[in-house]
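In case you want the letters, here they are:
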Amino acid sequence: MFRKIVSSVSKLKNHRFLNLLILAFLVYFIYSYFLHLNYHFFTGTDEIGYLSGPLLLLEGLRPNMSHSPTGISTWLGSGVVLIDFIINNFSFHNLELLFENFDLTLYKHYKNLAYIKISLFVLNTFLLIYLYFLDKKKIFFLSFFVLFLLPEVSNITFAGKPYFLASVFFIISLLLNDKNKFLSLIFYALAISERVEFLLLINFIC
């Protein structure tokens, strides 16, 4: 009986330590991401290409770094720009002024891509929280988190490119594969829409 009590207390302590460790990683991730908001804007043309995709979409052009109809991150970025336009520059008084204000809003976001990058970060954060609750044992979640915080990989994690987002979609799809096949396929499709190379991993899903 005493051994069972000691064992239960030990498991409880280990569980609390694991939760604290994961919380520390989450705080570190959020802090690090905000430090990297302007990291590659002037040195990484790929990142600029990906982040300007939502603006090209609003102009009626195909995003130059994405496949049509592109991933959910591009549409989310377009939504951020539209909300900014509706709140700050939308007016019914003059049709010509309306289009001028829309062009001004596009120019504002072309000049500063941080708002679009923040929308990508928010999406990543919600998905990581969902992944946290999806993984009951938390070991898989923690291993995934540690991998993408390694110095060699952090440039992918904190950049405005969809590689990290596609990876999160794919990992969620894997975890859902035995629980909900239909939902698993939806997340896998979202991963492919971000990076078409994930189609090569279809055997893990099927």
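So, here's what we can say about the structure. (Residues numbered from 1 in each chain as written. Predicted model: local features only at pLDDT ≥ 70, side-chain atom pairs only at ≥ 80, totals over all residues. Heavy atoms only, no water.)

**Details of the packing of helix α6 (residues 114–134) against helix α7 (residues 139–148)**
One way to put it is that α6 packs onto α7 with a least axis distance of 8 Å and a crossing angle of 145 degrees. Contact residues: Leu128, Leu131 and Tyr132 in α6; Phe141, Phe144 and Phe145 in α7. Residues belonging to the contact of α6 with α7 are distributed by class as follows: six nonpolar, no polar and no charged. (Axes fitted to C-alpha atoms, helices over the stretch in contact; angles between N-to-C directions. Helix = DSSP H or I, 4+ residues; strand = E, 2+ residues; numbered from the N terminus. Contact = heavy atoms within 4.5 Å. Nonpolar A, V, L, I, M, F, W, Y, C, P; charged D, E, K, R; others polar.)

**Some details on the pattern of salt bridges**
Summed over the entire model, instances satisfying the criterion amount to two salt bridges. Residue Asp84 pairs with Lys108 through a salt bridge whose shortest N-O separation is 3.0 Å. Taken together, the residues span a long stretch of sequence, with Asp84 in helix α4 (residues 72–88) and Lys108 in helix α5 (residues 95–111) at a distance of 24 residues. A residue is classified by how much of its surface remains accessible, and Asp84, at 12% relative accessible area, is buried. Overall, Lys108 belongs to the partly exposed group, its relative accessible area being 36%. Residue Arg195 pairs with Glu197 through a salt bridge whose shortest N-O separation is 2.4 Å. Note on Arg195: relative accessible area 12%, which makes it buried. Residue classification places Glu197 among the partly exposed positions, given a relative accessible area of 39%. (Salt bridge = Lys/Arg side-chain N within 4 Å of Asp/Glu carboxyl O. Buried < 20%, exposed > 50% of the residue type's maximum accessible area, 1.4 Å probe, protein only.)

**Here we look at the packing of aromatic side chains**
In the structure shown here, the tally under the stated rule is nine aromatic pairs. Grouped by ring-pair contacts, the aromatic residues Phe85, Phe90 and Phe102 constitute a single cluster. (Phe/Tyr/Trp six-rings, centres within 6.5 Å; stacked < 30°, edge-to-face > 60°.)

**Description of the layout of surface pockets**
Taken as a whole, the largest pocket holds about 220 Å³ of empty space. Residue lining of the largest pocket: 22 residues in total, with Tyr50, Ser73, Thr74, Pro162 and Glu194 positioned closest to the centre. Breaking the lining of the largest pocket down by element, the ones donating at least two residues are α2 (45–51), α4, α6 and α10 (181–194). A breakdown of the residues in the lining of the largest pocket according to their chemical character gives eight nonpolar, ten polar and four charged. (1 Å grid on protein atoms, 1.4 Å probe; cavity = no way out; pocket = protein on both sides within 12 Å on 5 of 7 lines; lining within 4 Å. Points joined across faces, edges and corners; volume = space filled by probe spheres on them.)

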